[in-house]
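Chain residues, written in single-letter form:
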Amino acid sequence: MRIFSDILAKDLEIAMTDLEARIDRLESIDAIRQLVSKYALTLDMRDVDAHVNLFAEDIRVSREAVGRPALKVWLDDMMRNQFTGTSHHIGNHIIEFDDPNHAHGVVYSKNEHETPKGNGEPEWVIMQMMYWDNYERIDGSWYFRRRLPCYWYAADLNTPPVGENKMRWPEREPYEGAYHELFPSWEAFWKHPPRDGDAPEVAAPAPRETFLKTMRGNHPFPKIRVK
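Residues numbered from 1 in each chain as written. Predicted model: local features only at pLDDT ≥ 70, side-chain atom pairs only at ≥ 80, totals over all residues. Heavy atoms only, no water.

Draft legend 1. Layout of the confidence of the model for the protein. Averaged over all residues, the pLDDT of the protein equals 90, while 92% of them reach at least 70. By mean pLDDT, helix α1 (residues 2-44) is the weakest element of the protein at 81, and helix α2 (residues 48-52) is the strongest at 97. (pLDDT = per-residue confidence, 0-100. Helix = DSSP H or I, 4+ residues; strand = E, 2+ residues; numbered from the N terminus.)

Draft legend 2. Quick peek at the side chain of E136. Assignment of secondary structure puts E136 in strand β3 (residues 123-138). Assessed through its relative accessible area of 16%, E136 is described here as buried. At 2.9 Å, the side chain of E136 forms a polar contact with the side chain of R145. Those residues in contact with E136 that lie beyond four places of it in its chain are N101, H102, S141, W142, Y143 and R145. (Buried < 20%, exposed > 50% of the residue type's maximum accessible area, 1.4 Å probe, protein only. Polar contact = N/O pair within 3.5 Å; in protein donor to acceptor, adjacent residues only side chain to side chain. Contact = heavy atoms within 4.5 Å.)

Draft legend 3. Representation of the pattern of salt bridges in the model. Considering all chains together, one arrives at eleven salt bridges under this definition. The salt bridge partner of D24 is R137, with a shortest N-O separation of 2.9 Å. In this pair, D24 sits in helix α1 while R137 sits in strand β3, placing the two residues 113 residues apart along the sequence. Owing to a relative accessible area of 19%, R137 belongs among the buried residues under this scheme. Here the residues in one salt-bridge network are D58, E136 and R145, joined through shared partners. (Salt bridge = Lys/Arg side-chain N within 4 Å of Asp/Glu carboxyl O.)

Draft legend 4. Quick peek at the nonpolar core. If you look at the biggest cluster of nonpolar residues, it comprises 31 residues, and the most contacted ones within it are Y135, F144 and W169. For this core, the secondary structure elements donating two or more residues are α1, α2, α3 (68-81), β1 (85-99), β2 (102-115), β3 and β4 (141-156). Grouped together as the second largest cluster of nonpolar side chains are nine residues, V106, W132, L182 and L212 included. (Core = buried A, V, L, I, M, F, W, Y, C linked by side-chain atoms within 4.5 Å.)

Draft legend 5. Local environment of the side chain of R137. In terms of polar contacts, R137 uses its side chain to reach the side chain of S28, at 3.4 Å. Here the side chain of R137 touches N101 through a polar contact of 2.8 Å, side chain to side chain. Aside from chain neighbours lying at most four places away, what touches R137 is D24, S28, P100, N101 and W142.

Below, the structure is given as structure tokens:
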């Protein structure tokens with residue numbers, strides 16, 4: 001009877017540990033989604049202090065600059081001089097965990113910008129983009145460790161961005177936004193159309209928590225032009 005009781009206690013301990021881990025995962029997912037929504041709100045309301053506090057305290061801003069004060073300087077300059085107003089609408093969000101305190105994800109964002117021009121007449125620019133994020137839990141709270149913005153287009157509301165170089169800010173030369181460079185499947189799809197008579201091959205499903213990493217493979221991260 002004592003042996004049976006010990007086994008039962010051990011099974012209960014394992015079950016409780018597993019349950020606690022699953023609850024922690026659910027709470028972490030919700031906290032990360034809240035983090036992304038707070039990013040949009042603080043950015044649009046120009047609460048720069050609240051915004052930079054969403055990032056790890058030692059966030060790298062550039063090769064030379066590290067920390068929230070440096071991020072505040074960079075953000076203030078961009079939001080004060082490039083946009084009169086903004087609205088960020090958060091969409092699809094996929095989150096995967098590297099371990100209990102580190103995660104990565106992809107989140108879509110559809111944005112609107114009132115953008116000043118040299119003649120004093122603003123232009124309304126709409127944008128479609130996605131972020132590749134890295135998240136880290138520090139002292140019980142989740143923060144951004146990195147946000148890599150990949151842009152599909154930015155264009156005047158009344159001028160659909162058909163064709164190449166879809167990043168079309170007022171009074172600037174159009175350029176590419178690296179939207180499809182994050183995942184190699186885009187280029188491979190267009191380079192390798194199916195041939196008549198070939199039986200299609202289907203890769204095995206990605207293992208749990210590796211959907212995004214499987215899609216990316218060893219593909220390098222693109223270099224992004226953000227201003």
